[in-house]
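# Close look at the chain arrangement
In case you want the letters, here they are:
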Amino acid sequence: MKRTVQESGGKRKAGLEELRRRLDERGGHMTRQRAAVYDYLSGVEHHPTAEEVFLNVKRRIPKISLATVYKNLEALVACEAISKLTYGDGSARYDIRTDHHYHTRCLGCGRMWDLEAARGKSALEQIKPQPGFAVSDFRLELLGHCEDCRG
Ligand SMILES: [Zn+2]
Ligand SMILES: [Zn+2]
């Protein structure tokens, strides 16, 4: 899936204009809360949980509830404006990027960052699934400890 994106510091962000267009296409609409949620996500380097988004958006919109933030995040995921990263062992995290990319994940605090790497094709070519297994996608993650957690 391709889309027009602005390149900003190596990180891809769709502007609010693009978000409005996407919401329009899919019958969603732009609200102040939705824009604030999106805006917060586009300004952070790591991929926050719904709780983190809530705590930060609340500073701008004191009346917003966690349920509303969650609903807005899910609406943005549904119209493919953002992506949701889920793991069995923690809360879902939300990512402003929707293109295929890789992450580093801290085992201490659970935060995730985009990993700027060339597509790992050559390494992937050496990985062979069992016979009969049809690969449709893959994830690449570097696990470790971030600077804060290494203290
Ligand atoms: Zn950490
Ligand atoms: Zn990411």
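Attention here is on the structure that accompanies the text. (Residues numbered from 1 in each chain as written. Chains lettered and ligands numbered in written order. Predicted model: local features only at pLDDT ≥ 70, side-chain atom pairs only at ≥ 80, totals over all residues. Heavy atoms only, no water.)

## Considerations on the coordination of the zinc ion (ligand 2)
Rules: Think of the donor list as every N, O and S atom within 2.8 Å of the metal, or within 3.2 Å for Na, K and Ca; water never makes the list, so a site can look incomplete. Helix numbering and strand numbering both begin at the N terminus, where a helix is a DSSP run of H or I of at least 4 residues and a strand a DSSP run of E of at least 2.
For the zinc ion (ligand 2), every protein donor is listed as His-47 (NE2), Asp-95 (OD), His-101 (NE2), His-103 (NE2) and Asp-114 (OD), and the spread of their distances is 1.9 to 2.2 Å. As a motif over one chain, the donors of the zinc ion (ligand 2) read H-x47-D-x5-H-x1-H-x10-D. Of this pair, His-47 sits in the loop between α2 (32-43) and α3 (50-60) while Asp-114 is found in strand β6 (residues 112-115), placing the two residues 67 residues apart along the sequence.

## Quick notes on the coordination of the zinc ion (ligand 1)
The condition that has to hold: Between 85 and 135 degrees for all angles marks four donors as tetrahedral; over 155 degrees for opposite donors together with 65 to 115 for all other angles marks four donors as square planar and six as octahedral; every other arrangement is irregular.
Distances from the zinc ion (ligand 1) to its protein donors, Cys-106 (SG), Cys-109 (SG), Cys-146 (SG) and Cys-149 (SG), fall at 2.3 Å. Metal-centred angles of 105 to 114° between the 4 donor atoms at the zinc ion (ligand 1) mark the site as tetrahedral. The sequence motif formed by the donor residues of the zinc ion (ligand 1) is C-x2-C-x36-C-x2-C. Highlighted residues: Cys-109 in the loop between β5 (102-106) and β6 and Cys-146 in the loop between β7 (141-144) and α6 (147-150), separated in sequence by 37 residues.

## Quick look at the pattern of salt bridges
Defined as follows: The salt bridge definition used is simple: a Lys or Arg side-chain nitrogen within 4 Å of an Asp or Glu carboxyl oxygen.
Under the criterion given, the structure shown has 12 salt bridges. The shortest N-O distance in the salt bridge between Glu-25 and Arg-21 comes to 2.5 Å. Highlighted residues: Glu-25 and Arg-21, both in helix α1 (residues 16-25), separated by 4 residues, approximately one helical turn. Of the charged contacts, one joins Arg-111 and Asp-148 as a salt bridge, the two residues approaching to 2.8 Å between their closest N and O atoms. Here Arg-111, found in the loop between β5 and β6, pairs with Asp-148, found in helix α6; they are 37 residues apart in sequence, far enough to count as distant. One network of salt bridges, in which partners are shared, links Glu-18, Arg-21, Arg-22, Glu-25, Arg-26 and Glu-80.

## Digging into the pairing of β6
How we decide: Only strands that DSSP links by at least two bridges are regarded as paired with each other.
Here 4 bridges tie β5 to β6, and the two strands are oriented antiparallel to one another. Across the sheet, residue Thr-104 finds its bridge partner in β6, namely Trp-113.

## Side note on the sheet that holds β7
Note the cut-off: Between N-to-C directions, angles cover 0 to 180 degrees, with each direction set by a line fitted to C-alpha atoms, over the stretch in contact for helices.
A sheet is described by the order of its strands in space; here 3 strands give the open sequence β6-β5-β7, paired in mixed fashion. The sheet terminates laterally at β6 and β7, the two strands that pair on one side only. Strand-to-strand, the axes of this sheet are offset by a mean angle of 25°, without reference to chain direction.

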